[in-house]
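# Observations on chain architecture
Here is what each chain is made of, one letter per residue.
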Amino acid sequence: MRAWLAPVAWVVLLVALAALLPAMKPLFSWVQPGTNNVIYTRDSFYLLLQSHIWLVLMSATIGTLVAVSAGIFVTRPAGRDFLPLVSQIASIGQTVPPVAVLALAVPVMGFGEKPTLFALVLYGLLPILRNTLAGLGGINPAVLESARGMGMSSAQVLFKVELPLAGRVILAGIRTSVTINIATAAIGSTIGARTLGDPVIAGLVNGNTAYVLQGAVLIGLLALTTDSLFEAVEKVSGRAFLSSKQS
Amino acid sequence: MPSSTMPPNRVLLALALAALGLVWLLNLGVVQPNRIVSGTGYGLYGATGWGGAIIVSSLLLMVCVLAAKPVHKRFLGLAALLTAALMALPLLLEVFALRRLPSDSAYARIGIGAGFWCLAFFLALMLLEALGQIKASRRLQLSIVLLIVAGWWFCAGREGLSSLSLIREYTNRADQFSQALTVHLSLSLGAVAISAVLAFGLALAMVRREHWRRPLLGLVSFMQTIPSLALFGLLIAPLGALSAAFPVLQALGIRGIGWAPALLALIAYSLLPMVRNTYVALMEVPEAVVDAGRGMGMTEQQIFRQVKLPLALPVIIEGVRITTIQAIGLTAVAALIGAGGFGTFIFQGLGQAAMDLVLLGALPTVFLALAADAILSALRFQETSK
């Protein structure tokens, strides 16, 4: 239970701040004197937070499904031929900056939520894919041999041995992917997605530091909250797989 | 290897068939009346006529045949064929411009369609697979990449492609482009250099004082967790206040927006991979080697310079590689706070809905990242094999 204390505290702080920011008008008037518009009001911070989280959650779900299935496919006998190419794509693809992927999605799909989601999924699945391959590839062949020797079917070996053993490494990949995607989704504001990046971009365009601060603080808090959630999940699942290979 | 045992290569077969389908389904190119209007798309046949359609299709079918048939040295042939195809790819756009560009309109331009990008992407994947099959050396891989870049460079300079909107956007801002390149490189490389020095000191401190390890690593990984847009945004207010309070800083160009917050944020992001890799590299030097050095009568200084550092270098270079790639990407984001660089084109283009201006910013950013990856990987490889 103690593992969940920190993430719960972060969540409370994030939600409270999203609610209280509009009430901190005097503070922001001090940051940005000379104007009456010191609180971003085009959308409520809650709405932006919600939409930001939704984008990241969707992309993480789709990305994990695609990447883990692809990772499983290329490590089965039927798909083994594709392994070298897929692992090369996973590592070369991560060289491409996420902001470039975001920008390149626009000529293909136009502005809005859709290209942002597309870019997040596409870029986010690479670290998951890479870690899935590393996790499945790092399992001691003797373990698989003995599982088969016990009479397990190949599906049983996959679900009862391989995936649990690779789980920690895959989870680390998902963590990397989500961290990157929270940052990239914020930049998604520039291509028309509604995220916590909106106040920052609006503030930069209008020279309003108060807007920038409001967006930046919430984005930073969201990232820290998510990170501490993953930390807790890793701690809890780490106890379950204490005997498995250290990453 | 006896030819009868060579199985068909399913990877190339699948890639070639997918490319064949996509290149016929998607638009190869677009004719735009001016820079903002989206224009009319043309498929492979519409864009290049029967000649181009037959050449492209038969090339892809030939890959299918070679992938399926156990021909002697087929992968070597395939690699050569695919390299040549990639080099000559811009010629398709030249033929397209020749056939479809209205000659009476000064503002008309041609844009690159999804079909062309897919074709280029799939050809590159097939080449990657073929090179993997012949176990090509790094040198051969690098020469092939250089050949392809040279081919595209040559085609881009030809008169026939001057109506390509990407090239038009470039010619309109050739000066700004080279300026963006300078700013982008100096910001990202400057941040990498500064953080390398800082990280080296921090890693040394961690090696010497074990109890500094946890707080230091905690601090640098905390900074890496903060999203770039947030960190850039958070630095504006304090730097702006500092600059307003001290006119000296203002004279140096340090303000809330511009290169100063960008450089600071880039350094903060660069510290984690640098510190972690340098620390791990120094710690992983085997104790036996260090002992052997002591046995030979080397001083601690000599052991550090002549034994530990050379052994740790490949892992340190790997840290520099990760950091450089990351810094090049983040510098593009820093354009949002007025730091300049290729991001300026990206965000300007997004603001004006001018897609080719977006490309003019995004493609060089990708290219710089890939080039940094190639150069530093080669360097690390060389150091490892010493």
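Residues numbered from 1 in each chain as written. Chains lettered and ligands numbered in written order. Predicted model: local features only at pLDDT ≥ 70, side-chain atom pairs only at ≥ 80, totals over all residues. Heavy atoms only, no water.

## Concerning the overall build of chain B
Let me state the cut-off plainly: Secondary structure is summarised from DSSP: a helix means a run of H or I of at least four residues, a strand means a run of E of at least two, and numbering begins at the N terminus for each. When a residue's accessible area, from a 1.4 Å probe over protein chains only, is under 20% of the maximum for its type it is buried; when over 50% it is exposed; and in between it is partly exposed. What makes two residues a contact is simply this: any of their non-hydrogen atoms within 4.5 Å.
Tallying secondary structure elements over chain B gives 16 helices and three strands in all. If one aligns the C-alpha atoms of chain B with their principal axes, the spans along those axes are about 75 × 65 × 30 Å. Within chain B, the fraction of its 386 residues that count as buried is 47%. The contacts in chain B between residues at least 6 apart in sequence include a share of 74% that link residues at least 24 apart.

## Things to note about the overall build of chain A
Heads up, the rule is: We get accessible surface area from the Shrake-Rupley algorithm with a probe of 1.4 Å; when it comes to residues, only the shown protein chains can shield them. Charge assignment: positive for Lys and Arg, negative for Asp and Glu; neither His nor the chain ends contribute. For charged residues, the charge sits on one atom: NZ in Lys, CZ in Arg, CG in Asp, CD in Glu.
Helices and strands together make up the secondary structure of chain A, namely 10 helices and zero strands. Each helix and strand of chain A, placed in order from N terminus to C terminus, yields the pattern α-α-α-α-α-α-α-α-α-α. Counting across all 247 residues of chain A, residues that qualify as buried make up 51%. Across chain A, every contact between residues at least 6 apart in sequence was considered, and the portion connecting residues at least 24 apart equals 76%. Total accessible area on chain A is roughly 11,400 Å²; 67% of this is exposed by carbon and sulfur atoms. With 15 positive and 9 negative side-chain charges, chain A shows a spacing of 4 Å between the two charge centroids.

## Here we look at the environment of threonine 344 of chain B
Among the secondary structure elements, threonine 344 of chain B is positioned in helix H15 (residues 343-352). For the pair threonine 344 of chain B and phenylalanine 177 of chain B, spaced 167 residues apart in sequence, the C-alpha to C-alpha distance is 10.0 Å.

## As for helix H10 (residues 228-245) of chain B
Residues and elements named next belong to chain B. Cut-off, in case you're wondering: One less than the residue count of a helix, multiplied by 1.5 Å, gives the span that helix is expected to have. Given a residue, its bend is the angle between the two axes fitted to the seven residues that end at it and to the seven that start from it.
Its 18 residues give H10 an end-to-end C-alpha distance of 26 Å, which sits within 8% of 26 Å, the value for a rise of 1.5 Å per residue. Along H10, the largest kink reaches about 30 degrees and is centred on isoleucine 236; proline proline 238 follows within four residues of it. Those residues of H10 not exposed but buried are Ser228, Leu229, Ala230, Leu231, Phe232, Gly233, Leu235, Ile236, Leu239 and Ser243.

## With respect to the pairing of strand E3 (residues 109-112) of chain B
Residue and element names in this part refer to chain B. We apply this condition: When DSSP finds two or more bridges between two strands, those strands count as paired.
Of the two faces of E3, the one holding Arg109 and Gly111 and the one holding Ile110 and Ile112 are both buried throughout. Two elements, strand E1 (residues 29-32) and E3, share four bridges in a ladder whose sense is antiparallel. Counted as the bridge partner of valine 30 is glycine 111 from E3.

## Some words on the side chain of serine 177 of chain A
Residue and element names in this part refer to chain A. As for its placement among the helices and strands, serine 177 is situated in helix H8 (residues 154-187). Classification of serine 177 by relative accessible area gives buried; the value is 2%. Apart from the residues within four sequence positions on either side, serine 177 is in contact with Gly124, Pro127 and Ile128.

## Observations regarding the packing of helix H7 (residues 165-172) of chain B against helix H16 (residues 355-385) of chain B
Residues and elements named next belong to chain B. To be explicit about the condition: Between N-to-C directions, angles span 0 to 180 degrees; the directions come from axes that are lines fitted to C-alpha atoms, helices contributing only their stretch in contact. Here the word oblique covers every angle except those under 35 degrees (roughly parallel), over 145 (roughly antiparallel) and from 65 to 115 (roughly perpendicular). Put simply, Ala, Val, Leu, Ile, Met, Phe, Trp, Tyr, Cys and Pro go in the nonpolar bin, Asp, Glu, Lys and Arg in the charged bin, and everything else, Gly too, in the polar bin.
Their axes nearest at 8 Å, the elements H7 and H16 cross at an angle of 75 degrees. When the interaxial angle is binned, H7 and H16 end up roughly perpendicular. Seen from H7, the contacting residues are Ser165, Leu166, Glu169 and Tyr170; seen from H16, they are Asp356, Leu357, Leu359, Leu360 and Leu363. When grouped by side-chain class, the residues that make up the contact of H7 with H16 number six nonpolar, one polar and two charged.

## Thoughts on the interface of chain A and chain B
Heads up, the condition is: The term buried area denotes the loss of accessible surface (1.4 Å probe radius) that occurs when two parts are joined, taken as the sum for both partners. A pairing counts as a salt bridge when a side-chain nitrogen of Lys or Arg comes within 4 Å of a carboxyl oxygen of Asp or Glu.
With 39 residues of chain A at the interface, the matching set in chain B holds 38 residues. Between chain A and chain B, a total of about 3,300 Å² is buried, with carbon and sulfur atoms accounting for 84% of that surface. Of all residues in chain A, Leu85, Thr95 and Leu204 of chain A bury the most surface against chain B, accounting for 17% of the area lost on that side. Scanning the region where chain A abuts chain B turns up one salt bridge. Counting only elements with at least two residues in the side of chain A that touches chain B, the list comes to helix H4 (83-93), helix H5 (98-109), H8, helix H9 (197-206) and helix H10 (209-240) of chain A.

## Describing unusual backbone geometry
Where the residue is not glycine, phi is negative for most of them; where a peptide bond is considered, it is trans in most cases. Phi angles above zero are rare outside glycine, and lysine 135 of chain B is one such case at about 50 degrees. For lysine 135 of chain B, the position within the fold is in the loop between helix H5 (114-133) and helix H6 (138-156).

## Brief notes about the domain arrangement of chain B
Residue and element names in this part refer to chain B. As a reminder of what qualifies: These domain boundaries are the output of an automatic or database domain assignment. The definition of a polar contact used here is a pair of N or O atoms within 3.5 Å, where within protein one atom must be able to donate a hydrogen and the other to accept one, and adjacent residues in sequence count solely through side-chain atom pairs.
If you check the domain split of chain B, you get domain 1 (3-165) and domain 2 (174-385). Placing a centre on the C-alpha atoms of domain 1 and another on those of domain 2 gives a separation of 36 Å. Each side of the interface is counted separately: domain 1 has seven residues, and domain 2 has 11 residues. Taking both sides of the interface into account, the surface hidden between domain 1 and domain 2 amounts to around 710 Å²; carbon and sulfur atoms contribute 59%. Run the count over domain 1 and domain 2 and you get zero salt bridges. In this structure, the connection of domain 1 to domain 2 is made through one residue pair in polar contact (both at pLDDT 80 or more). Classifying every residue of the side of domain 1 that touches domain 2 gives three nonpolar, two polar and two charged.

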